[in-house]
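# Close look at the chain arrangement
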Amino acid sequence: MPRLAERSEGDGTFPLCPTLFGITSPIGSSDLTGGAGLGSPLSGYGDSHSERFCFLRGAAGPLLPQRSVTWGTVGWERTSLEVRHKTGAEQKGMELHEAQAEMVEGDGKGKGDDGEKVSLQPRALSICLKLLGGLFLSDYDKRFYSKDNEGSWFRSLFVHKVDPRKDAHSTLLSKKETSNLYKIQFHNVKPECLDAYNSLTEAVLPKLHLDEDYPCSLVGNWNTWYGEQDQAVHLWRFSGGYPALMDCMNKLKSNKEYLEFRKERSQMLLSRRNQLLLEFSFWNEPQPRAGPNIYELRTYKLKPGTMIEWGNNWARAIKYRQENQEAVGGFFSQIGELYVVHHLWAYKDLQSREETRNAAWRKRGWDENVYYTESSKKRKPKVIRSDGAPAEGKRTRSDTEQEGKYYSEEAEVDLRDPGRDYELYKYTCQELQRLMAEIQDLKSRGGKDAAVEIEDRRIQSCVHFMTLKKLNRLAHIRLKKGRDQTHEAKQKVDAYHLQLQNLLYEVMHLQKEITKCLEFKSKHEEIDLVSLEEFYKEAPPDISKAEVTMGDPHQQTLARLDWELEQRKRLAEKYRECLSNKEKILKEIEVKKEYLSSLQPRLNSIMQASLPVQEYLFMPFDQAHKQYETARHLPPPLYVLFVQATAYGQACAHRKSSQPPRQDKMLSVAIEGSVDEAKALFKPPEDSQDDESDSDAEEEQTTKRRRPTLGVQLDDKRKEMLKRHPLSVLLDLKCKDDSVLHLTFYYLMNLNIMTVKAKVTTATELITPISAGDLLSPDSVLSCLYPGDHGKKTPNPANQYQFDKVGILTLRDYVLDLGHPYLWVQKLGGLHFPKEQPQHTVITDHSLSASHMETTMKLLKTRVQSRLALHKQFASLEHGIVPVTSDCHYLFPAKVVSRLVKWVTIAHEDYMELHFTKDVVEAGLAGDTNLYYMALVERGTAKLQAAVVLNPGYSSIPPIFQLCLNWKGEKTNNNDDNIRAMESEVNVCCKELCGPRPGHQLLTNQLQRLCVLLDVYLETESHDDSVEGPKEFPQEKMCLRLFRGPSRIKPFKYNHPQGFFSHR
Amino acid sequence: MERAAQQAVPLGQMEVFQALQRLHMTIFSQSVSPCGKFLAAGNNYGQIAIFSLSAALSSEAKEESKKPMVTFHAHDGPVYSMVSTDRHLLSAGDGEVKAWLWAEILKKGCKELWRRQPPYRTSLEVPEINALLLVPKENLLILAGGDCQLHAMDLETGTFMWALRGHTDYIHCLALRERSPEVLSGGEDGAVRLWDLRTAKEVQTVEVYKHEVRAHPTFCPPSFLPGHPRCLHLPLCSPPSQECSRPHNGRWIGCLATDSDWMVCGGGPALTLWHLRSSTPTTVFPMRAPQKHVTFYQDLILSAGQGRCVNQWQLSGELKAQVPGSSPGLLSLSLNQQPAAPECKVLTAAGNSCRVDVFTNLGYRAFSLSF
């Protein structure tokens, strides 16, 4: 499609895109140039913003006579407008306005009033308002014609804009309506029939044109060249307006030829369209002209109501386009598509068209007018000053000089300053007042001149009124505009607000969705998956896919879940297997159980049968079994004791059994007491009947108790507190000489301590010496088995508080009854009590018992043996015989003269009162747990008293001797160093006196030693020369020296094989 | 089985044994360190204990400070005698003399510096050493004891130079006459012999048990009255005639002390003050119990022996005071007169107990140090 630049003004007054749409050969012309179709018009066709120009090329010179016209249409679109031009237009508007004002003034002067004497001011104002109302009620399309030039002066106000000389024109834009009416026809012909159509129309239509009967004349026939192709355009003129049209139509209906023509024609057509047009008053009437020419039909679609403005502008602009006679005619649609303007131009050819148009652009004023038409088209609502009467006559093209006749007040509003309008209003009102006053003044004066004067004033005031009216309109327009703007803005705001609300809602919704997404918890998070390393280590690579999942936690989790599923499946499988296994095993167990249950009676019978055998073989399995049964009912400490003692006994038996059996059993353990009672103790609340009866009994008891005195009550409580467990453990410890230590262990339930009672039986009946009374008494035989363990105080510190409650001072008073609560007994029972510092809680502990069992048993045995040994020794000592055993003879010389004459028990208190025992008492070696004896050794007149402290741990702890010699005065360690030395010899050097291993002969040896010492002492005493007679004690002992050292100690040490005495 | 029993009651048995040992302990000898702050005491078990006098005498003394700082086993038999040189503690008892360094003695595990045994005649029994005497001028140590001889040992070389024989029984005690190099020795035979160190010969013999003090002193030799402050109160009039001898106690001389021409000795015979030049007893002190230690102190004579008391005598024979100690019998007195430690100037007494009594002045017993 060729594009032709319609105009190329670089600095952009209009960015134009003119397109040559099509050129058709003129219809019926001989030199008709056939044109190919050149496409369709732009979408702007039919749009109110678009305009369409016809491009014409006249093939023949005179249009009508030759009836051959060449048509063409060219359309372009105007898109935007430069701001610069707007400002320019504003200025122009102002100028126009001022010019108008002058004109009105001039008009007012030119026209006289009919001489009304009424006061003008109020009237004028009221009319002004009325007119304004009318103005606003009127449609935009409404046109005002000042048909009547006479009448009131008000009317004349409306027409003053129009040139007064053109008053005769009754139409605004067109030439008189009655004069000419044009009809334009567009026929779209089937392309193949175009020639036929041309020839057909050429044959028929000129006849109508030439026929005088028909008041119509054919202005031209055209085929489109550029534009809509295969189209024929016919322009008819009806001279005489609508009556002529109607007349013509009626006549044609009866014209047979024409009807046939139509019939024929209709077969060639695709569509038809026509419009009734009026002629613009300022355009030339189309005249036949010499050709050949091209014709350009420019068709504008205007915004409604802009027609008059259009006309005003073009009336001014057309003068610039008259030079080459190119303007053929200007039409606007009356019936048919409205607001359409057709301008028909004729050029020699396209080149000349170009040149002509460029020439027009160079003319000053053309561009402005083009601009105005443009700007009017831009604006939609238009108020058109339509009060200008169109110029009369078809030929008066000079009325294009009426500048400012048509302009848009709406546009003007934007251009004017409201402040200045106000000033103007004030000024006009003043002027009006002044003029009215003058008129009144003139009228009151009267006179001829006055009429002229008055007329003059009237015209002036009319002009002012016009101004007022104008201002009024402007004000209203402004108001309306303001409202519109406000409304518009409000709607915009509402729309935005709504949009905002929507957006906010959307945001909220999205946020909710987001939080929902974020809070989404997958089920897999609750699953405790295997750790990552384990997963990668154990999972097969097709699940773990380390290379994929290492970097991607999501994939990793998926893989781990897969693995989990896999494992769980496997485990489920295993579980099922295990279940079936279990079933199987259960069945097996059932079978075995049955077998076992059948075994029980048989075993019983065998057991029954074996009893006599057991008895016969001394293998008391059954008995032991029973004992163990009973042991179950023992309180924990006794049980511990029982178990440990049994174990120890068995262990010893085993040890012995490896050697030739000397004794059958060293340690035997038994349980005594009523098992039933013990059972009852353990489960009293089970038997409800018993319980009731018990409680009854208790109640009775308590009621009884309440009555008696407090003492009896306390007694009962004491008894309750000191109650023993019904079961006790009996321990028989056999010594080598067949003496047996019977130990009975009790458990005091409420005090949580254990006590023991001891009894010693010997194989042979002993002659009980007087002094040995306490030796084997149950009270003392076990005393101080461990140092300081008297067994007279309770080892449980908690007991003291219990005693306080019931008024027991110490346990000592009850020990005889209950047995002794020795510490070692507690330890054997696994009871550990804190001594000074609080340590452990009291729990029966096997390990404690076990650790003490062996040592304690050994100690017990030693104790019994030593006691028995002492017992024997005492028996001799009481008879004055020092029973030195044969294996100890080496310790002493063969001849010992001093004799033991006395061996008696003395009380602790008596011992304390002895004058020569002070040192021992002070040294703290004379505790009340010891046994005290007094021995007397005599030789001649010398009597040696020896006070003996016998520690319960005898033989490991030696007896302590304190001496007092009665010979030539009383001699003790205080006044005689040798007595002291003798004590030391007996006490300190006791180790060499122990004799063979058990050492039980120590006491005997010490006494024998004492006798020897006394011999030495007496024999080595220096003879006092002053005393008459021989020495009482001749020296029989062999001594190396008599005295030695500063203390002059005598030779008390006996050297065994040589038999002499020496110093230590 | 017995052994097991002993293991089971270690505490009780040990305690009893210790108590018995203490009960029968006798402290034979004492010696003050050259610095004057420490006291060494030797007992019948052969142990030597070192007490800190300064600690025990200080105002912040506790019970512990009255216990020995160190106790070590020095001899197999009793420690009968100890002396201190400038650096050494010399102890003797069972026939040997041992030397210990004072500087190291306070450390644990102190070893003897040397030991010497005098040349004894072979005997079944090793004779004991009852007395040690230092002769500072000659740098000699004189030992005397069971073999009835005085042995002189050169401290520098450690060799025994000579032996003085004369006593017929074992020697109890020694004393040095400071002016003339003469040594006195007292023995079981009842004689006090005076030996000249230069000639190594016996000079004089006093057999105390043979003498008696006449009721009326004939004269007071003018030679020993002037020039000696102690002679100012010399009694010119004595109580009726007194015999030195006490046959029931024996003849033995247990203690000796000299001061110029004066000698005091005691033992089996009564405690007697002698004038050496004239070999006459001047005063018999009225004390029944045999005395085991005697010494001059200023114008007093201090003596101790059987009985609890430390006796203070005037030269005239008057008993000035009897200050009781804690032991039933005393065997040694020690006066700490070392100028190095004036604050430790005390009298200590020890004997038939494990305690050493400390007298800060002569009036009373302040406290006891104890093994």
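Keep in mind it's a predicted model, so treat the numbers as computed, not measured.

## Focus on the overall build of chain B
For chain B, the count of helices and strands is 4 helices and 30 strands. Expressed as a percentage of the 371 residues in chain B, the buried residues total 61%. At a minimum sequence separation of 6, the contacts of chain B that also span at least 24 residues come to 47%. For chain B, the accessible surface area stands at approximately 15600 Å², while carbon and sulfur atoms represent 51% of it.

## Let's talk about the interface of chain B and chain A
Accessible area lost upon the coming together of the parts serves often as the stated size of an interface. Counting residues at the interface gives 42 residues for chain B, matched by 44 residues for chain A. Between chain B and chain A lies a buried interface of about 3900 Å² when both sides are counted; carbon and sulfur atoms form 57% of it. Our count for the chain B to chain A interface comes out at 4 salt bridges. Salt-bridge contacts for Glu 128 of chain B lead to Arg 1041 of chain A; the nearest nitrogen and oxygen are separated by 2.6 Å. Put simply, chain B and chain A have 13 residue pairs in polar contact (both at pLDDT 80 or more) between them.

## Points about the confidence of the model for chain A
Residues and elements named next belong to chain A. Per-chain confidence: chain A averages 73 in pLDDT, with 73% of residues scoring 70 or above. By mean pLDDT, the top-scoring element of chain A is strand β19 (residues 960-966) (91), and the lowest-scoring one is helix α3 (residues 120-137) (34). This stretch, residues 657-664, has a pLDDT under 50; its non-local contacts, to residues over four places away or in other chains, come to 3 contacts. Predicted confidence for residues 836-841 stays below pLDDT 50, and this span has 5 contacts to residues more than four positions away or in other chains.

## Things to note about helix α6 (residues 241-254) of chain A
Residue and element names in this part refer to chain A. With 14 residues, α6 should cover 20 Å at 1.5 Å per step; its first-to-last C-alpha distance of 21 Å lies within 8% of that length. Residues of α6 that are buried include every one of Gly 241, Ala 244, Leu 245, Cys 248 and Leu 252, and no others. Considered in projection along α6, the buried side chains sweep an arc of 100° and stay on one side of the axis. Residues Pro 243, Lys 253 and Ser 254 are exposed on α6 and point more than 90 degrees away from its buried face.

## Observations regarding the pairing of strand β25 (residues 309-314) of chain B
Residue and element names in this part refer to chain B. In the sheet, strand β24 (residues 300-305) pairs with β25 via 5 bridges, with the strands oriented antiparallel. Paired with Leu 300 across the strands is Gln 314, a residue of β25. The turn linking β24 back onto β25 is made up of 3 residues, and Gly 307 within it adopts a positive phi angle of 105°. Examined bridge by bridge, β25 and strand β26 (residues 319-324) share 5 bridges and lie antiparallel to one another. Along β26, the bridge assignment pairs Trp 313 with Leu 319.

## Re the pattern of salt bridges
Taken as a whole and judged by the stated rule, the model has 43 salt bridges over all chains. One salt bridge connects Asp 1015 of chain A with Arg 939 of chain A, and the closest N-O pair in it is separated by 2.8 Å. Here Arg 939 of chain A lies in strand β17 (residues 931-939) and Asp 1015 of chain A lies in helix α30 (residues 1002-1020), a separation of 76 residues in the sequence. Asp 1015 of chain A gets classed as buried once you look at its relative accessible area, which sits at 0%. The class for Arg 939 of chain A is buried, based on a relative accessible area of 7%. Here Arg 198 of chain B and Asp 196 of chain B are joined by a salt bridge, their closest N and O atoms 3.4 Å apart. Classification of Arg 198 of chain B by relative accessible area gives exposed; the value is 60%. A relative accessible area of 11% places Asp 196 of chain B in the buried class.

## Regarding the packing of aromatic side chains
All names here are of chain A. As enumerated under the stated definition, the model contains 21 aromatic pairs over all chains in all. Aromatic pair Phe 280 and Phe 332: ring centres 4.9 Å apart, planes at 40°, arrangement tilted. In this pair, Phe 280 sits in the loop between β8 (269-279) and β9 (294-301) while Phe 332 sits in strand β10 (residues 327-335), placing the two residues 52 residues apart along the sequence. Judged by its relative accessible area of 0%, Phe 280 is buried. Taking relative accessible area as the criterion, Phe 332 reaches 1% and is therefore assigned buried. Here the aromatic rings of Trp 310 and Trp 314 are separated by 5.8 Å at their centres, their planes lie at 45°, and the arrangement is tilted. Taken together, the positions of Trp 310 and Trp 314, both in helix α8 (residues 307-317) and 4 residues apart, correspond to about one turn of that helix. Exposure class is identical for Trp 310 and Trp 314. Each is buried.

## Things to note about the environment of Gly 336 of chain A
All names here are of chain A. Residue position: Gly 336 is located in the loop between β10 and β11 (340-347). Considering only alpha carbons, one finds Gly 336 and Gln 275, 61 residues apart in sequence, at a separation of 4.7 Å. Beyond its immediate stretch of four places on either side in the chain, Gly 336 contacts Asn 274 and Gln 275.

## Focus: the packing of helix α12 (residues 418-445) of chain A against helix α13 (residues 448-519) of chain A
All names here are of chain A. Viewed as axis vectors pointing N to C, α12 and α13 meet at an angle of 155°, and their least axial separation amounts to 9 Å. Judged by the angle between their axes, α12 and α13 are roughly antiparallel. As α12 packs across α13, the resulting crossing turns out to be left-handed. Its residues placed into classes, the contact of α12 with α13 shows 16 nonpolar, 5 polar and 8 charged.

## Quick notes on the nonpolar core
Residues and elements named next belong to chain A. Residues Phe 745, Leu 782, Trp 824 and Leu 1003 are the most contacted members of the largest nonpolar core, which totals 104 residues. At 11 residues, the largest contribution of residues to this core is made by α30. Looking at which domains feed residues into this core, each of domain 4 (633-652 + 665-681 + 719-861) and domain 5 (880-1023 + 1030-1062) gives three or more. When sequence neighbours within four positions are dropped, the list of residues in contact with Trp 824 reads Phe 745, Val 756, Leu 782, Leu 785, Tyr 786, Asp 789, Thr 856 and Leu 860. If you look at the next biggest cluster of nonpolar residues, it comprises 49 residues, including Leu 181, Leu 278, Tyr 320 and Trp 345.

## Observations concerning the pairing of strand β29 (residues 355-359) of chain B
All names here are of chain B. For β29, a buried count of 4 out of 5 residues is recorded, marking the element as mostly surrounded by other parts of the structure. In textbook terms, the turn of a hairpin is the stretch between consecutive antiparallel strands, and for strand β28 (residues 347-351) and β29 this stretch comprises 3 residues. Summarising the sheet, β29 and strand β30 (residues 367-370) pair through 4 bridges and their orientation is antiparallel. Bridging across to β30, Val 356 finds its partner in Leu 369.

Cut-offs applied
Residues numbered from 1 in each chain as written. Chains lettered and ligands numbered in written order. Predicted model: local features only at pLDDT ≥ 70, side-chain atom pairs only at ≥ 80, totals over all residues. Heavy atoms only, no water. Helix = DSSP H or I, 4+ residues; strand = E, 2+ residues; numbered from the N terminus. Buried < 20%, exposed > 50% of the residue type's maximum accessible area, 1.4 Å probe, protein only. Contact = heavy atoms within 4.5 Å. Areas by Shrake-Rupley, 256 points an atom, 1.4 Å probe, with all protein chains shown as cover. Buried area = accessible area lost by both parts, 1.4 Å probe. Salt bridge = Lys/Arg side-chain N within 4 Å of Asp/Glu carboxyl O. Polar contact = N/O pair within 3.5 Å; in protein donor to acceptor, adjacent residues only side chain to side chain. pLDDT = per-residue confidence, 0-100. Expected span 1.5 Å × (residues − 1). Arc of directions from axis to C-beta. Pairing = 2+ DSSP bridges. Phe/Tyr/Trp six-rings, centres within 6.5 Å; stacked < 30°, edge-to-face > 60°. Axes fitted to C-alpha atoms, helices over the stretch in contact; angles between N-to-C directions. Parallel < 35°, antiparallel > 145°, perpendicular 65-115°, else oblique. Left-handed = near helix turned anticlockwise from the far one by under 90°. Nonpolar A, V, L, I, M, F, W, Y, C, P; charged D, E, K, R; others polar. Core = buried A, V, L, I, M, F, W, Y, C linked by side-chain atoms within 4.5 Å. Domains from an automatic or database assignment.

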